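Structure assessment
Next come the chains, spelled out residue by residue.
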Amino acid sequence: MKPNIQHVAELAQVSKATVSRVLNDNPQVKGEIKERVLRAIEELNYRPSSIARNLATNRTNTIGLILPDITNPYFPVLARGIEDAAHRLGYTLFISNTDNDPKLEQDIIYKMVEQQVGGIVLISSTLDEKTVNDLTSLRTPIVLCDRLIENRPFDAVSIDNYRAAQEAVRYLIGQGHTRIAHLAGPKNIQSAVSRRAGYVDTMLAANLEPFVSVGTFSYESGVHQMGDLIDEYGPTAIFAANDLMALGAMHEIYRRGMRVPEDISIFGCDDIAFCAMSRPMMSTISIPAYQIGVTAVQLLDDKMKGVRSGSKNVILEHKLIHRESCNGVDRK
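Note that the structure is predicted; figures quoted are calculated from it, not measured.

**Some points on the sheet that holds strand β5 (residues 155-159)**
Across the sheet, which stays open at both edges, the 6 strands sit in the order β2-β1-β3-β4-β5-β11 with parallel pairing between neighbours. Among the strands making up the open sheet, the edge pair consists of β2 (92-97) and β11 (313-316). Going from strand to strand, the sheet's axes swing by 15° on average, the running direction of each strand aside. Two elements, β5 and β11, share 4 bridges in a ladder whose sense is parallel. Residue V157 lies in a different strand from β11, and its bridge partner there is V314. The strands touched by helix α13 (residues 289-304) within the sheet are β1 (62-67), β3 (119-122), β4 (142-145), β5 and β11, with β5 carrying the most contacts at an inclination of about 165°.

**Looking at the sheet that holds strand β6 (residues 180-184)**
Hydrogen bonds between backbone groups are what pair the strands of a sheet, and the pairing can be parallel or antiparallel. Spatially, β7-β6-β8-β9-β10-β12 is the arrangement adopted by the 6 strands of the open sheet, whose pairing is mixed. The open sheet has two free edges, formed respectively by β7 (211-214) and β12 (319-321), since each of these has just one partner strand. Going from strand to strand, the sheet's axes swing by 20° on average, the running direction of each strand aside.

**Some points on the pairing of strand β10 (residues 283-286)**
Of the pairings in the sheet, the one linking strand β9 (residues 265-270) to β10 comprises 4 bridges and is parallel in character. Bridge pairing in β10 places D270 opposite S286.

**Some points on the packing of aromatic side chains**
All chains considered together, the criterion is met by 3 aromatic pairs. Seen in terms of ring centroids, F211 and Y233 are 4.3 Å apart; in terms of plane orientation they differ by 15°. Their pairing is stacked. Taken together, the residues span a long stretch of sequence, with F211 in strand β7 and Y233 in the loop between α10 (219-232) and β8 (237-240) at a distance of 22 residues. With a relative accessible area of 11%, Y233 lands in the buried category. Its guanidinium or amino end placed over the ring of Y233, R179 lies 4.3 Å from that ring's centre, counting from NZ or CZ.

**Focus on the environment of A79**
As for its placement among the helices and strands, A79 is situated in helix α5 (residues 74-88). The exposure class assigned to A79 is buried, which follows from its relative accessible area of 8%. Separated by 13 residues in sequence, A79 and I66 have C-alpha atoms that sit 9.5 Å apart. Excluding residues within four positions of it along the chain, A79 makes contact with L65 and L67.

**Quick word on the domain arrangement of the chain**
Each domain of the chain was delimited in the assignment, giving domain 1 (5-57), domain 2 (62-154 + 291-308) and domain 3 (161-287). The C-alpha centroid of domain 3 is placed 57 Å from the C-alpha centroid of domain 1.

**A closer look at helix α3 (residues 31-44)**
The first and last C-alpha atoms of α3 sit 20 Å apart over 14 residues, in line with the 20 Å expected at 1.5 Å per residue. Regarding α3, the residues found buried are V37, A40 and I41. Each buried residue of α3 lies within a common arc of 100° when the element is viewed along its axis, so the set occupies one face. Set apart from the buried face of α3 by more than 90 degrees, the exposed residues are E42 and E43. Packed against the buried residues of α3 are α1 (5-12) and α2 (16-23). Downstream of α3 by one or two residues, N45 has phi in the positive range, about 55°.

**Side note on the pattern of salt bridges**
Opposite charge on two side chains lets them pair, provided their charged atoms get close. Across all of its chains, the model carries 13 salt bridges by this definition. Linking D107 and K103 is a salt bridge whose minimum nitrogen-to-oxygen distance equals 3.0 Å. Placement of both D107 and K103 in helix α6 (residues 102-114) is noted, with a separation of 4 residues, approximately one turn of the helix. We classify D107 as partly exposed; its relative accessible area is 29%. With a shortest N-O distance of 2.9 Å, R255 and E252 are connected by a salt bridge. In this pair, R255 and E252 are both assigned in helix α11 (residues 243-255), 3 residues apart and thus about one turn of the helix distant. By relative accessible area, which is 56% here, R255 ends up exposed. You can call E252 buried: its relative accessible area is 4%. Residues joined in a network through salt bridges with shared partners are D160, R163, E167 and E317.

Each value, and the rule that gives it
- Residue numbers here run from 1 along each chain, matching the order of that chain's written sequence.
- Since the coordinates come from a predicted model, pLDDT governs what is reported: local features require at least 70, and pairs of side-chain atoms require 80 or more to be given and counted, while whole-chain, interface and lining totals use all residues.
- Think of the side-chain values as coming from all heavy atoms in the structure, minus any hydrogens and water.
- Two strands pair if DSSP finds at least two bridges between them.
- Numbering of helices and strands runs from the N terminus, with a helix taken as a DSSP run of H or I at least four residues long and a strand as a DSSP run of E at least two residues long.
- Fitting a line to C-alpha atoms yields each axis, with helices limited to the stretch in contact; the angle taken between N-to-C directions then spans 0 to 180 degrees.
- In what follows, residue pairs with any heavy atoms lying within 4.5 Å of each other are defined as contacts.
- Pairing of aromatic rings covers Phe, Tyr and Trp, the last through its six-membered ring, and needs centres within 6.5 Å; plane angles under 30 degrees mean stacked, over 60 mean edge-to-face, and all others mean tilted.
- Three labels apply to residues, based on accessible area from a 1.4 Å probe with only protein chains included: buried if under 20% of the type maximum, exposed if over 50%, partly exposed otherwise in between.
- Any Lys NZ or Arg CZ that is within 6 Å of a ring centre and within 35 degrees of that ring's normal is treated as a charge sitting over the ring.
- Those domain boundaries reflect an automatic or database domain assignment.
- Take the number of residues in a helix, subtract one, and multiply by 1.5 Å to get its expected span.
- What the arc describes is the spread of directions from the helix axis to the C-beta atoms.
- Every case where a carboxyl oxygen of Asp or Glu lies within 4 Å of a side-chain nitrogen of Lys or Arg is listed as a salt bridge.

Next comes the structure, spelled out in structure tokens:
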């Protein structure tokens with residue numbers, strides 16, 4: 001006969017409620033009683049029903065992942081880190097894509113909450129005040145990736161996007177460039193806002209005039225923005241808010257009969273695989289996407305198990321990758 005929770009309770013000489021608390025890693029059960037229950041579970045080779053555990057805890061042993069654009073090569077790497085970490089910790093992962101639609105994002109969040117997911121890893125399309133307040137009202141633990149919100153009860157993991165942008169622009173300035181334009185991401189996405197601020201502040205600190213073109217984090221946006229920049233500004237260097245925009249810009253430069261880096265240098269951000277495949281190979285900011293995903297799940301696991309309260313922002317290290325798409329200019 002297959003053992004059940006009653007058999008474990010009888011062998012350990014405890015109540016079924018105590019066995020349930022041990023199975024759910026409740027910190028109230030400690031010492032000799034917990035050891036007795038664990039020995040009984042091992043002796044009987046008892047495997048608890050996931051359905052029963054879900055009913056007891058009012059949540060499932062699942063994690064929801066909400067991505068803004070699964071076609072962007074950056075996000076599958078991050079998702080793989082989340083998936084690997086979730087599986088190691090015994091969670092099942094559900095993935096949804098929002099296509100950068102704030103309304104769809106909100107609908108998906110509430111559907112996941114209704115399905116009683118244990119927690120959500122969110123890469124948000126927008127984090128305006130209303131969205132933040134709505135998320136704060138939920139009891140489901142949420143961890144943000146690539147988005148940091150100060151003074152809010154959310155764990156978050158990202159890089160220092162402001163400092164990364166500063167370093168990239170300083171490098172271009174050090175190469176002798178004075179007409180450096182920025183292909184910026186959407187105004188409502190925190191990582192794009194921080195990269196834009198890092199660019200602008202660094203240009204002003206060097207007594208250089210910033211020139212910003214706002215786009216959509218897509219390859220097509222990079223093509224369109226680059227055409228406008230060539231016509232309106234004539235830059236010698238570009239700092240792009242992500243690699244897809246940088247690659248689109250490179251395409252437009254060549255379409256116009258110009259060369260990279262001889263006529264225009266390009267510096268991207270993310271270090272997606274295509275950067276090392278492009279010709280010339282793209283200089284970029286390397287973001288540890290896989291480790292961001294792993295860290296997000298570790299933070300979420302702590303919250304789901306009640307290991308700690310409060311919020312925690314984790315900043316991982318980025319790295320500038322110097323390849324072939326940047327060149328110095330003649331200072332004479």
